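Close look at the chain arrangement
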Amino acid sequence: MNHRTIARRAQAGFTLIELMIVVAIIGILAAVALPAYQDYTVRAKVSEGLSLAASAKTAVAENAANGAAFDSGWTAPAATKNVASVGITPSNGAITITYASAIDSGATLILSPVDGSPTSGTALSGAASSSTIPTAGSISWNCKSGGSTSGYVGTSGSIQAKYVPAECRK
C-alpha cells in the first residue's frame, strides 16, 4: 500500500466517539424539548376554556351594571374535547371553567369579577335575583390558578400555574 491509500482510509467516516457525542447531544435536546412541548400543548387547550368564558364575562358585566342576576340570560356553551363546562356562580359572578379529565385531571380555573382595580377593588356580590351594581364604573377580572398566592380578590382554581396565562399565575 502506498501513502495515498492510507490517507483515504483515515478520512472514510466518523469515529465511534464522534457518533456517540452527536447522539448524546440529540438525546439531551429531546429530553428538554419534549416536556416543554407537552406543557405548550396543554396551555393551548387551556386557552380554549378562556375563549369559551368570554361570553360569560360579558353577561356578568352587563347584568351587574343593570342590577340583574349575574347569570341572567346567559346560556352555557356546550362541552368540547378540552373543556367539560363553563359556569357562572349566581352569588358572586365568578366564572368557573372545568377542563376535561385529560387536562390536569379535570382541574378548574376561576375568573372572579372585581368592582374597580384588580388589586384594590372589592368582590361583587348579589342575591339569586339581583346583583350589586359596581360603584367604580367598571369590572376587572382576577384569574387565579391553583398556585396563586396573591391577596387579589377571588377564589383560586385547581389547575397548575404552569398551564395558565401569566395573568392567572399571580
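You'll find the structure just up there.
The following paragraphs examine the structure supplied in this document.

How each quantity is defined
Residues numbered from 1 in each chain as written. Predicted model: local features only at pLDDT ≥ 70, side-chain atom pairs only at ≥ 80, totals over all residues. Heavy atoms only, no water. Helix = DSSP H or I, 4+ residues; strand = E, 2+ residues; numbered from the N terminus. Contact = heavy atoms within 4.5 Å. Core = buried A, V, L, I, M, F, W, Y, C linked by side-chain atoms within 4.5 Å. Buried < 20%, exposed > 50% of the residue type's maximum accessible area, 1.4 Å probe, protein only. Disulfide = S-S within 2.5 Å.

**What to know about the environment of Gly 93**
Counting through the fold element by element, Gly 93 comes out in the loop between β1 (83–88) and β2 (95–99). Linking Gly 93 and Asn 142, residues 49 residues apart in sequence, is a C-alpha distance of 12 Å. In this view, Gly 93 contacts Val 60, Phe 70, Ile 88, Leu 111, Pro 113 and Trp 141; residues no more than four positions away in its chain are not counted.

**Comments concerning the nonpolar core**
Counting residues in each nonpolar core, the largest one holds 27 residues, and the members touching the most others are Val 46, Ile 95, Tyr 99 and Ile 159. The set of elements that each furnish at least two residues to this core consists of α2 (16–52), α3 (54–65), β1, β2, β3 (108–115) and β5 (139–144). Per-element tally for this core: the top contributor is α3, with four residues.

**Describing the state of the cysteines**
Enumeration over the complete set of coordinates arrives at one disulfide. Here Cys 143 connects covalently by a disulfide to Cys 168, the sulfurs 1.8 Å from one another. Where Cys 143 bonds to Cys 168 through sulfur, the torsion about that S-S bond is close to 95 degrees, and the disulfide is right-handed. Residue Cys 143 is found in strand β5, and its partner Cys 168 is found in the segment after β5; the two are separated by 25 residues along the sequence. Relative accessible area serves as the criterion here: at 5%, Cys 143 is assigned to the buried category. Exposure remark for Cys 168: the relative accessible area of 1% places this residue in the buried category.

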